[in-house]
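These are the residues of each chain, in order.
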Amino acid sequence: MSKNVVRTVKIEHVVEECKNVKTLNFSVDPKNNNYISPRPGQFIMVWVPGVDEIPISLSHYDSKGNWSITVKKVGECTKALLDLNVGDYIGIRGPFGNGFELPPEKCKEVFIIAGGIGLAPLRPLILELKENHHPFKLVIGIKTRDEMIFKEFCKNFPEDNVSNFYCTDDGSYALKGLASDIFTEILKDYPRERTKNLLVYTCGPEKMMFKIFKTCERYGIPLQASLERIMRCGCGLCGLCVLDPLGLLTCTDGPVFDSEILRKVDDFGRFKRDFTGKKVLI
Ligand SMILES: Cc1cc2nc3c(=O)[nH]c(=O)nc-3n(C[C@H](O)[C@H](O)[C@H](O)COP(=O)(O)OP(=O)(O)OC[C@H]3O[C@@H](n4cnc5c(N)ncnc54)[C@H](O)[C@@H]3O)c2cc1C
């Protein structure tokens, strides 16, 4: 079995989530020798023939081999992905990375905090928690109401043990404010006893995740954050996604890192490497 074999898959269904974001659905054969079942938070390398190969998280998968990616247009390759139609082909490798660790038994309550397209890698985790009837609170931050993704999926909240907090930077929908600030506000109403058994998962802009991490540190709440770095290979060869000073690679040691590690990563919230390997500000 090798996750590095490129498989060609046909786009079967496309969902326009909002302007500049689409979900592409395709299937892989679970009986194929190269098939590896994904875990929440893992990513694949997506090759658009003639354009580039880029890392994209799985926003959905099931036991039958139906996989989805949700892509935001930011440059050439993501634009090419959004221009694809049903029947077009892409190449995929993976799944890669560690993914999120599910909550331990003692963890009574979970916060999932997403910023923008960061909701995509968290979606399989949300589904898994729902399946396990694990209570969670979902905080989704977007710039404006037009950037909402997974509208149908999120409509199913709130349920018995799930609460949903939307917030927009401009106040055009639900709460006005940044996801990191809304999270801090919610915590203020929590008795100290209750924060002891919390766990936070987050994915989104790194500045947002850094603020959430700082809040969690103040309350002693463990956190798992999915980081984004430039990566060419996805499998530990190119080294562009290295985190100083530990030398951890975001592609193979991450993309999800917990508080224990993040405490020791000087780059977190501050630096990443560009395509030449030079350190630049986030
Ligand atoms: C583990 C991981 C999971 C990701 N999951 C998603 C996802 O689910 N949905 C989504 O829309 N985006 C996701 N991204 C980001 C996505 O990889 C970049 O937006 C994409 O690579 C941009 O390529 P481009 O050619 O369109 O843009 P370019 O014009 O090449 O670059 C625009 C910006 O995108 C980033 N970028 C470019 N190439 C890469 C690369 N090879 N690796 C990482 N970042 C790059 C850089 O910050 C760059 O400044 C993920 C990134 C990582 C590392």
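Residues numbered from 1 in each chain as written. Predicted model: local features only at pLDDT ≥ 70, side-chain atom pairs only at ≥ 80, totals over all residues.

Caption draft 1: Layout of the packing of helix H4 (residues 179-188) against helix H6 (residues 206-219). At a minimum axis separation of 8 Å, H4 and H6 run at an interaxial angle of 20°. On the basis of their axis angle, the class for H4 and H6 is roughly parallel. Judged by the sense of rotation from one axis to the other, the crossing of H4 with H6 is right-handed. Facing H4, whose interface residues are Ala179, Ser180, Phe183, Thr184 and Leu187, H6 presents Met208, Lys211, Ile212, Thr215 and Tyr219. (Axes fitted to C-alpha atoms, helices over the stretch in contact; angles between N-to-C directions. Helix = DSSP H or I, 4+ residues; strand = E, 2+ residues; numbered from the N terminus. Parallel < 35°, antiparallel > 145°, perpendicular 65-115°, else oblique. Left-handed = near helix turned anticlockwise from the far one by under 90°. Contact = placed C-beta atoms within 7 Å.)

Caption draft 2: Representation of the nonpolar core in the model. Counting residues in hydrophobic clusters, the biggest one holds 69 residues, and the most contacted among them are Val46, Phe111, Ile112, Ile113, Val139, Val200 and Ile212. Tallying contributions element by element places helix H2 (residues 119-131) first for this core, with 6 residues. Residues contacting valine 200, with those up to four places away along its chain left out, are Phe111, Ile113, Ile212, Cys216, Ile221 and Leu223. (Core = buried A, V, L, I, M, F, W, Y, C linked by C-beta atoms within 7 Å. Buried ≥ 20, exposed ≤ 12 C-beta atoms within 10 Å, placed from the backbone.)

Caption draft 3: A look at the domain arrangement of the chain. The domain architecture assigned to the chain consists of domain 1 (7-96), domain 2 (100-226) and domain 3 (229-282). The C-alpha centroid of domain 3 is placed 23 Å from the C-alpha centroid of domain 2. On the side of domain 3, 9 residues touch domain 2, which itself brings 11 residues to the contact. Those elements that place two or more of their residues in the side of domain 2 that touches domain 3 are H6 and strand E13 (223-226). Tallying contributions element by element places H6 first for the side of domain 2 that touches domain 3, with 5 residues. Per-class residue counts for the side of domain 2 that touches domain 3 are 7 nonpolar, 2 polar and 2 charged. (Domains from an automatic or database assignment. Nonpolar A, V, L, I, M, F, W, Y, C, P; charged D, E, K, R; others polar.)

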